[in-house]
Amino acid sequence: MAALEVRDLHVRVGDKLILRGVDFALEAGKVHALMGPNGSGKSTLALALAGHPEYQVVRGQAFLEGQDLLGLLPHERARAGLFVAFQHPPEVEGVKLREFLRLACSERGKGFCEFQKAFPQALRRLRMEEFKGRELNVGFSGGEKKRAELLALYMLRPKVALLDEPDSGVDVDALRLIAEVITEMAAFGTAILIITHYPRLLEHVPPDEVFVLLDGKISDRGGPELAWKIGEMGFEVVRR
Amino acid sequence: MSKVAARLSKDFVERLSWEKNEPDWMREHRLRCLEIFEKLPMPRFGPDLSALDLGDLTYYARPVDPVRRWEELPEEIRRTFQALGLPEAEQKALAGLGAQVDSEEVYRSLLNELRAKGVIFTSMEKAVREFPWVQDYFMKIIPPEDNKFAALHGAVWSGGTFIWIPEGVEVEIPLQAYYRMQTEGVGQFEHTLIIAERGSSLHYIEGCSAPRYSRTSLHSGMVEIYAKEDARVRFTTIQNWSKNVYNLNNKRAWAYAGASVDWVSGSLGSKVTMLYPTTVLLGKGARTENLSFTFAQEGMWLDTGARAIHRASDTTSRLISRSVVQGRAKSVFRGLVYVASEARGARAHVECSTLLLSPEARTETIPVINAENDEVELGHEATVGRVSQEQLFYLMSRGLDESQALSLIVNGFVSPILKEIPLEYAVELRRLLEMSFEGAIA
């Protein structure tokens, strides 16, 4: 059974139909990439699967390990094992990063004692020790926000992780770190989908499968060579 | 006096004074206040008080006799105090505790070591009877002419606490008073007078609650604080009155040279609140901080504020407020800073933020900053916001349900104030917030 299976997904935002029949499946422990030019609907896909109220599913289905996902509320999807790393995570003033992750972890069914141990460990892994007492995303640079999203991923150990441009705005060192963490999570068994429009990160985390999203549909799929081809020649190569 | 006495009249005031066995000065003071009360108009600003019928209140009620031990209290009130955690707090976290039901104190304790250091922590009545010099302090900071409810209070006050901290004595553990309104339609008018002598320090905490009735009740307390040279006084109030209570208070402090006075107020209940703790900075280098948290829920109007009057050089004030408004409710914050011409080098900062949780929620911030000299440093910030859907969704997408997410955001918003509130109360506040969100969403 696929970790995540998406069938014929149609999503509307306001009056505009953005996704027009998306089909794909993610396998546990594998790294997948979703590539597409700006505006092709990549973030829409992630947010619709997470249950954002403004992203309305008008047709199609999604299953997480066989469980119907689209009938669940956003927090129920998370508790079932879905994780989305946001492209633009919001700042939440007054809320401590630690407190937030503690709550999120306990809703994933982990006890506090385990959190006490896991949190410092995760901070070290992401080289974020100095963020221990910080408020959630407040005053973080673009790259720091990306690392904080990966920190949450690392803590929550989801079944499926949709990572929306985890590499934008990060420097080379952080890029390597992010790649390592993603590889580690895949080895742990998480089904990973890296959403990106260029192959920089994929060079550090070679994907098992690449999907190309164009005009609201998966227009092409293949192995890592598809990503390299897009890297060289742009999305024109798949348009033809 | 009978256990319940209603109707406001000269006769009632005289009888109250006689029953309390007061010295002449106090009886005369009460009668003078009554005359002033009758002449003064109702407040000309703020919430609608037309539903408050001052002719339909019980001005004195003594449903419970005072006891020496908690166990001696009648079952119902003992359970209430237990549920509020008072006997436990007394053991663990307080240096002294007073509890009042309606018009009279029912319990009071003070650690022996503080008694030995000369600290006085007693009922206001006892202080009036036993210490003639109390006359020099009583309603000298807030005279009855100040406003109608100050005058009413002066005429009918009953209960409350008198605290005197001798020079140099630092009371490190808080003293607390708890006010409970139990009788339907009652008026509660406790008077709190604190005198902190030179170099002394005190943290005083007040808690308030009442069961809900359909009939209107009035709470109109008065607090006067004298913080003498280099003294430090922190006064924390957490009120959770039921929604039939008009809560119209007068609180004011005088801070002498080098003294500091902090007001920390959490207003969660009542139908209408008018509360504007004021510090007059009388001496060089005096400072005040006023931290206010209000949570206005369906049908409530919380009209709060803070005032700092700078009358001496190098004085400092910081007025910070966080308001959360839910349902059809209103919060108003009036921040007033006055800097007199002689108060050179004064610094004042006013900051108020409001978070609106519903489309019908209303808020207003009314800052008045008036400086009569140029050598001052003044800052003012005000923000009004709504809970952002992006934040809410973000938290939910990590597994928090809507009420958990909302309560986390609101807790974060009020955290600058919550962290100044004693731990037991902060926990209680968080719980109250969470409960109300669960109710609102379900």
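Residues numbered from 1 in each chain as written. Chains lettered and ligands numbered in written order. Predicted model: local features only at pLDDT ≥ 70, side-chain atom pairs only at ≥ 80, totals over all residues.

Q: How would you summarise the confidence of the model for chain B if you had to cite specific residues and measurements?
A: When the pLDDT values of chain B are averaged, the result is 93; 97% of them are 70 or greater. Interface confidence in the predicted complex, given as ipTM, is 0.96; pTM for the same model is 0.85. (pLDDT = per-residue confidence, 0-100.)

Q: Tell me about the pairing of strand β6 (residues 161-165) of chain B, and name the residues and values.
A: All names here are of chain B. When you tally the buried positions in β6, you get five out of five residues, the bulk of the element. By the alternation rule, side chains of β6 split into T161, I163 and I165 and F162 and W164, which are all buried. With four bridges connecting them, strand β5 (residues 120-123) and β6 associate as antiparallel partners. Bridge assignment links S123 to a residue of β6, and that residue is T161. Alignment of β6 against strand β9 (residues 191-196), held across four bridges, turns out to be parallel. Bridge pairing in β9 links I163 to I194. (Buried ≥ 20, exposed ≤ 12 C-beta atoms within 10 Å, placed from the backbone. Helix = DSSP H or I, 4+ residues; strand = E, 2+ residues; numbered from the N terminus. Pairing = 2+ DSSP bridges.)

Q: If you had to explain the sheet that holds strand β7 (residues 160-164) of chain A to someone new, which residues and values would you point to?
A: Sheet strands pair via backbone hydrogen bonds, and the direction of the pair is either parallel or antiparallel. All names here are of chain A. The sheet built from six strands is open, its strands ordered β6-β7-β8-β3-β9-β10 with mixed pairing. Whereas interior strands pair on both sides, the edge strands pair on one side only; in this sheet they are β6 (82-85) and β10 (217-222). Sheet twist, expressed as the mean angle between neighbouring strand axes with direction ignored, is 20 degrees. Examined bridge by bridge, strand β9 (residues 209-214) and β10 share five bridges and lie antiparallel to one another. Bridging from a neighbouring strand, V212 pairs with D220 of β10. The sheet strands contacting helix α6 (residues 172-188) are β3 (31-35), β7 and β8 (191-196), and the helix crosses β8 at an angle near 150 degrees. (Axes fitted to C-alpha atoms, helices over the stretch in contact; angles between N-to-C directions. Contact = placed C-beta atoms within 7 Å.)

Q: Before we move on, could you go through the pairing of strand β4 (residues 104-110) of chain B and cite the residues and values that matter?
A: All names here are of chain B. Sheet topology note: the strand β3 (residues 96-101)/β4 ladder contains six bridges and is antiparallel. From the neighbouring strand, Q100 faces β4, where its bridge partner is E105. Connecting the antiparallel pair β3 and β4 is a turn made up of two residues, with D102 showing a positive phi of about 55 degrees.

Q: Explain unusual backbone geometry to me, and be specific about the residues and the numbers.
A: Here the phi dihedral of E165 of chain A falls at roughly 45 degrees; this positive angle occurs in a residue that is not glycine. Tracing the chain through its elements places E165 of chain A in the loop between β7 and α6. Residue N21 of chain B is not a glycine yet carries a positive backbone phi of 60 degrees. Topologically, N21 of chain B is positioned in the loop between α1 (10-19) and α2 (24-39).

Q: Account for the domain arrangement of chain B, with residues named and values stated.
A: Residue and element names in this part refer to chain B. Once the domains are mapped, chain B shows domain 1 (4-275) and domain 2 (389-442). The straight-line distance from the C-alpha centre of domain 1 to that of domain 2 is 31 Å. Each partner contributes to the interface: domain 1 provides eleven residues, whereas domain 2 provides seven residues. Secondary-structure elements contributing two or more residues to the side of domain 1 that touches domain 2 are β13 (232-240) and β16 (260-267). The biggest single contributor to the side of domain 1 that touches domain 2 is β13, with three residues. (Domains from an automatic or database assignment.)

Q: Report on the packing of helix α8 (residues 389-396) of chain B against helix α9 (residues 402-418) of chain B, specifying residues and quantitative values.
A: All names here are of chain B. Put simply, α8 and α9 touch, their axes get as near as 9 Å, and they point 125 degrees apart. Between α8 and α9, the angle is such that the two are oblique. Note that α8 runs across α9; the crossing there is right-handed. Along its contact with α8, which presents Q391, L392, L395 and M396, the element α9 presents E402, A405, L406, L408 and I409. (Parallel < 35°, antiparallel > 145°, perpendicular 65-115°, else oblique. Left-handed = near helix turned anticlockwise from the far one by under 90°.)

Q: I'd like to hear about the packing of α2 of chain B against helix α7 (residues 148-156) of chain B, residue by residue, with values.
A: All names here are of chain B. One can describe the packing of α2 onto α7 by two numbers: an axis separation of 7 Å at closest approach and a directional angle of 150 degrees. The angle between α2 and α7 falls in the class roughly antiparallel. As α2 packs across α7, the resulting crossing turns out to be left-handed. The residues of α7 that touch α2, namely those facing H29, R30, C33, L34, I36 and F37, are K148, A151, L152, G154 and A155. For the contact of α2 with α7, the class distribution of residues is seven nonpolar, two polar and two charged. (Nonpolar A, V, L, I, M, F, W, Y, C, P; charged D, E, K, R; others polar.)

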